[in-house]
Amino acid sequence: MDKAQTTYRAWDRNTRMPVPSPPAGSCDCQFHIYDEPDRFPTRPNPPYPPPDATFADARKMHRALGFKRGVIVHSAIYGNDHRLLLHALEGLPAEEKKNYRGIGIVDDRVDDRELERLHAAGVRGARFNFVRFLTLDQRTEEVRRSMDRIRALGWHARLHVHGADLLENLALLRSIRD
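Residues numbered from 1 in each chain as written. Predicted model: local features only at pLDDT ≥ 70, side-chain atom pairs only at ≥ 80, totals over all residues. Heavy atoms only, no water.

Asker: How do you make sense of unusual backbone geometry when you look at a structure like this?
Answerer: Among all residues save glycine, negative phi is the norm, and among peptide bonds the norm is trans. In this structure, Pro20 follows Val19 across a cis peptide bond, with omega equal to 0 degrees. In this fold, Pro20 is placed in the segment before strand 1 (27-31). (Helix = DSSP H or I, 4+ residues; strand = E, 2+ residues; numbered from the N terminus.)

Okay, structure coming up:
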C-alpha cells in the first residue's frame, strides 16, 4: 500500500441506531483513537495521518449505537508511546472504568513500570503488528521477550497480520505458543 496514494474517507459523525438494535451489553471490540498532534505526537514517518477521531467521538458513537463497552486498540501511528491510551483510560469517570479496556503495543522500550501503569489503567493485551505497511520493526527476540512479559500479566496477544505475513513469520509464531 502506497501511503502517498492512500486516501481515507471521513466518517459520518451522525451515528444513528441500526435496525435491528445491537444486543444489550454490546462491545465495540476494536477501535482506534487519535487526538491533538501537539499533545500526542505520532511516531516519526507514520504510515497514515491521524484522523479526526477522538475518544470523546468514540464514546458519543457508542452511546448512539447502544454500546456499553469498548476496547481501544492503540494505533501503530503512535508506536510504543502510550500517552494517549493512558490519558483516555485513566481519565474515564469511575462508573465507566469497568466498561473500557485497552490493547497496547509492547516492545523492549516499554519498561516494567509502564506495563504496570497500563495494566492498572485497564490494558489487557498487546498488539503485535506484522503488516509491512505499518513499518514497525518486529524483531524476533524482542517479540518473544514481549510475549513473555505480557503472559506474566495475564494479557492476550493480538496479532495484526496479512496472510503472507503469517507465512513469513511462521517459525516465530510457532515458537511462542503455550
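What follows continues from the structure just given.
Asker: Would you explain empty space enclosed by the protein in this entry?
Answerer: Here the idea is plain: a probe the size of a water molecule rolls over the atoms and shows the empty space left. Scanning the entire structure with this criterion turns up one cavity of 30 Å³ or more. Of the pockets and cavities examined, the largest cavity occupies roughly 40 Å³. Lining the largest cavity are His32, Ile33, Ile72, Val73, His74, Ser75, Tyr78, Leu84 and Leu85. Elements with a minimum of two residues in the lining of the largest cavity: strand 2 (69-73) and helix 2 (83-90). (1 Å grid on protein atoms, 1.4 Å probe; cavity = no way out; pocket = protein on both sides within 12 Å on 5 of 7 lines; lining within 4 Å. Points joined across faces, edges and corners; volume = space filled by probe spheres on them.)

Asker: Can you walk me through the pairing of strand 1 in this structure?
Answerer: As paired strands, strand 1 and strand 2 are joined by three bridges and run parallel to one another. Residue pairing for strand 2: Cys27 is matched across the bridge by Arg69. At this point the chain moves from strand 1, through helix 1 (residues 55-65), to the parallel strand 2, and the crossover so formed is right-handed. (Pairing = 2+ DSSP bridges. Right-handed = clockwise from strand over helix to strand, strands pointing away.)

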